Amino acid sequence: MNLDRIKASAQGVLSGFKAFTAGQKLVAGATVLAVVGAIAFYFLWASKPTYAPLYTSLASKDASAIVDQLTAAGVTYELTDGGQTIMVPQDQVYPMRLKMSAANLPSQSDTGYALLDQQGVTTSEFMQQVGYQRAMEGELGSTIKAIDGVTSASVHLAIPQKDVFSDSDSKPTAAVLVGTGAGKSLSQAQVQTITHLVSSSVEGMSADGVTVAGTDGKVLSTGGADGASASANGDRDDQTKAFEQRLSTSLQQMLSQVVGQDHAVVQVTADLDYDQTETKSQTYTSGDGTAPLSESSTTESYTGDGGQNAAGGVLGSTNGTLNGLEGNTTNGTGGSGNGTYNQEKSTRNNAVNSVIETRQSAPGKVRKLGVAVLLDQKTAGAVDMAEVERIASSAVALDTARGDTLAVSSMPFDTSAAQQGEAAVAAQQAQAQQDELMGMVKTGVAGLGVLALLIMTMIATRRRRKRAAAAAEAELAKLDELKAQLERTRTSEIEAAIAEKQALVAGNDFPQLSGPKRAEVDPLVVAEQEKRMGEIQSLVDEQPEEVARLLRGWLAVKG
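Residues numbered from 1 in each chain as written. Predicted model: local features only at pLDDT ≥ 70, side-chain atom pairs only at ≥ 80, totals over all residues. Heavy atoms only, no water.

As named in an unreviewed UniProt entry, the protein is Flagellar M-ring protein, taken from Actinosynnema mirum. A UniProt comment under Sequence similarities (unreviewed entry) is attached to the protein, and it reads "Belongs to the FliF family." (UniProt positions renumbered as here; feature names shortened; annotations may be inferred.)

So this is what it looks like as structure tokens:
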């Protein structure tokens, strides 16, 4: 029964498709193809796996071994970054990492401390030293590659051999070659990080002995005082540019509020002092009314006779003083008379306050500042140039005492480039709007096409339903006529059977006439016919659609 229904449904669809016009058939076929293509594209997109990196920055030997393992395991993969990165489906990343780890991959056997595992008991001292140096270079290279922005790193160490009979004190040096991604560069801080990382990893090496270079051939940092000076100069240039940019931006924004956008240009040139100086000063002070720490007084007197041998006159170059201190002295006279000598001496130690002051000047002091302000002549006529100069001087903290200069001028601006840029932007916007409009038109046309298809399908479906309803009514009428005909046939047969039976009964009372014998009606045949007629009538009553479809098939076969 299910097979019959499927066949009947297929015949219904086929008959409905045959009822379409040529245009409807074309639209229906295109729609079916579009739906099938969309479903196929979706399944292809959904079945495509999402790839994730399994390993990155692999050596050629390890990459080859891992690819062999993946091929043997039947796992799809992709190679990127010149074969240094292997991509696998995202759900296979961790299982494959565990499997590769069990196979000791990636081994990195040609770099790092893994080289020391290859040394045996018979390895000479020279080979041990060379192997250790290679291991150090490999480990440092791996560590440097972990820095953000570094894609490759190669380290070369120059370690002098220690000799007990040599008095030279040579220090080890290092050269580092780093590679970055396309369009990327290392900052000065990252270069300093690499320098100190390498110098701290090797015994006896200082940061001055490390040279860092890029794969593009530029020297990023050199050892010695020149390298430190270059690094410092780079930092100073960056700081100076940042200071100039900050002043220019603030003044530019302020002037744009007055003369309008793109009608003022500000240029600031700064000379900054990065010398670090230290000044020490010491002062002594004593407080008035403060008691002395110590005080002493000495008095000396002398009295002599005026003998003839007594000395007289001036007491020498001190003129009556002792140790430079005045005394009360009575000079004797030569010849005769008595002489006297008196001296008083006092010493006082006062308390003294001592103040020691040390000042260190921070680098970055402004030595000189030059500011140039250029206004567009079209808008400069509406502003006061003197007022603009005063505002600009205050904005940049201009100090004429240190030689700062400020120049404010107005000139006609060349707006051809700006006009061309505006025209290009307008053209791009117009093109974008046109593309958007075309996209909307395409979407609208597609929507109208789908809507027209739906309307046509609805109209066709309605017509088909009307035809089906009319056909169903005709079929029902035919069924009613068939039932009536069957009923009439059954009734006539029953009446004929009854009449024949009555005739037979009546014939038993008379002698049999000559002639052919009347055909006898079998009651079983009549009962069987009545049973079939009842089944047909019940089938028509219970499943009129099935009977109508069967009749249509008969009619189609007869036609």
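Past the structure itself, the notes keep going.
1. Observations regarding the sheet that holds strand 5 (residues 173-180)
Strand order in the open sheet formed by four strands is 4-5-6-7, with mixed pairing between adjacent strands. Each having just a single partner strand, strand 4 (150-158) and strand 7 (219-221) make up the two edges of the open sheet. Across the sheet, the mean angle from the axis of one strand to that of its neighbour is 25°, orientation sign disregarded. In this structure, strand 6 (residues 210-214) lies alongside strand 7, joined through two bridges in antiparallel fashion. Directly across from V212, in strand 7, lies its bridge partner S221. (Pairing = 2+ DSSP bridges. Helix = DSSP H or I, 4+ residues; strand = E, 2+ residues; numbered from the N terminus. Axes fitted to C-alpha atoms, helices over the stretch in contact; angles between N-to-C directions.)

2. With respect to the pattern of salt bridges
Where charged atoms of side chains with opposite charge meet at close range, the side chains can pair. Within this structure, the stated rule accounts for six salt bridges. One salt bridge connects E357 with R359, and the closest N-O pair in it is separated by 2.7 Å. On the accessibility criterion, E357 (32% relative accessible area) is partly exposed. Under the relative-accessibility criterion, R359 is labelled exposed at 56%. Each member of the salt-bridge network shares a partner with another, and the members are D273, D275 and R367. (Salt bridge = Lys/Arg side-chain N within 4 Å of Asp/Glu carboxyl O. Buried < 20%, exposed > 50% of the residue type's maximum accessible area, 1.4 Å probe, protein only.)

3. Focus: helix 3 (residues 60-73)
For helix 3, built from 14 residues, the straight-helix expectation of 20 Å at 1.5 Å per residue is met to within 8% by its first-to-last C-alpha distance of 20 Å. Looking at helix 3, one finds that the buried residues are D62, A63, I66, V67 and L70. Each buried residue of helix 3 lies within a common arc of 135° when the element is viewed along its axis, so the set occupies one face. Exposed and facing more than 90 degrees away from the buried side of helix 3 are S60, K61, D68, T71 and A72. The inward-facing, buried residues of helix 3 contact strand 1 (51-55), strand 2 (78-80), strand 3 (85-89) and helix 4 (93-102). (Expected span 1.5 Å × (residues − 1). Arc of directions from axis to C-beta. Contact = heavy atoms within 4.5 Å.)

4. Focus on helix 9 (residues 385-395)
Looking at where helix 9 begins, the residue whose side-chain oxygen comes 3.2 Å from the main-chain nitrogen of A386 is D384. A positive phi of about 55° marks A397, the residue just after helix 9. (Polar contact = N/O pair within 3.5 Å; in protein donor to acceptor, adjacent residues only side chain to side chain.)

5. Quick word on the packing of helix 3 against helix 4
It is at 11 Å that the axes of helix 3 and helix 4 come closest, and there the two elements cross at 120°. As summarised for this structure, helix 3 and helix 4 are arranged oblique, according to the angle between their axes. Of the two possible hands of crossing, helix 3 and helix 4 adopt the one that is right-handed. Between helix 3 and helix 4, the residues in contact are I66, Q69, L70 and A73 and M96, K99 and M100, respectively. Tallied by class, residues from the contact of helix 3 with helix 4 come to five nonpolar, one polar and one charged. (Parallel < 35°, antiparallel > 145°, perpendicular 65-115°, else oblique. Left-handed = near helix turned anticlockwise from the far one by under 90°. Nonpolar A, V, L, I, M, F, W, Y, C, P; charged D, E, K, R; others polar.)

6. Details of a positive patch on the surface
A contiguous patch of positive charge, built from R462, R463, R464, R465, K466 and R467, is present on the exposed surface. Mapped onto the fold, R467 is located in helix 10 (residues 416-507). (Patch = residues over 30% accessible without salt bridge, like charges linked within 9 Å, V, L, I, M, F, W, Y side chains within 5 Å. Areas by Shrake-Rupley, 256 points an atom, 1.4 Å probe, with all protein chains shown as cover. Lys, Arg positive; Asp, Glu negative; His and termini not counted. Charge placed at Lys NZ, Arg CZ, Asp CG, Glu CD.)

7. Here we look at unusual backbone geometry
One non-glycine residue with positive phi stands out, namely D81, at about 55°. Looking at the element boundaries, D81 is found in the loop between strand 2 and strand 3. With a phi angle near 60°, N104 is a residue other than glycine that sits in the positive phi range. Among the secondary structure elements, N104 is positioned in the loop between helix 4 and helix 5 (125-145).

8. Focus: the pairing of strand 5
Alignment of strand 4 against strand 5, held across eight bridges, turns out to be antiparallel. The residue bridging S154 from the neighbouring strand is L177, located in strand 5. Bridge analysis of strand 5 against strand 6 gives five bridges, and the strand direction is parallel. When the sheet's bridge partners are listed, L177 is paired in strand 6 with A213. Running through helix 6 (residues 188-201), the crossover from strand 5 to the neighbouring parallel element strand 6 is right-handed. (Right-handed = clockwise from strand over helix to strand, strands pointing away.)

9. So, the sheet that holds strand 16 (residues 365-376)
The strand order 8-16-17 describes an open sheet built from three strands, whose pairing is mixed. The open sheet has two edge strands with one neighbour each: strand 8 (264-273) and strand 17 (405-411). Strand-to-strand, the axes of this sheet are offset by a mean angle of 10°, without reference to chain direction. Here strand 16 pairs with strand 17 via seven bridges, running parallel. Looking at the pairing, D376 lines up with M411 of strand 17. Running at roughly 140° to strand 17, helix 9 makes contact with strand 16 and strand 17 of the sheet.

10. Comments concerning the side chain of T240
Mapping T240 onto the fold places it in helix 7 (residues 224-259). Its relative accessible area of 14% is what places T240 among the buried residues. Side-chain polar atoms of T240 contact the side chain of Y274, separated by 3.0 Å. Apart from residues lying up to four places away in sequence, T240 is in contact with A270, L272 and Y274.

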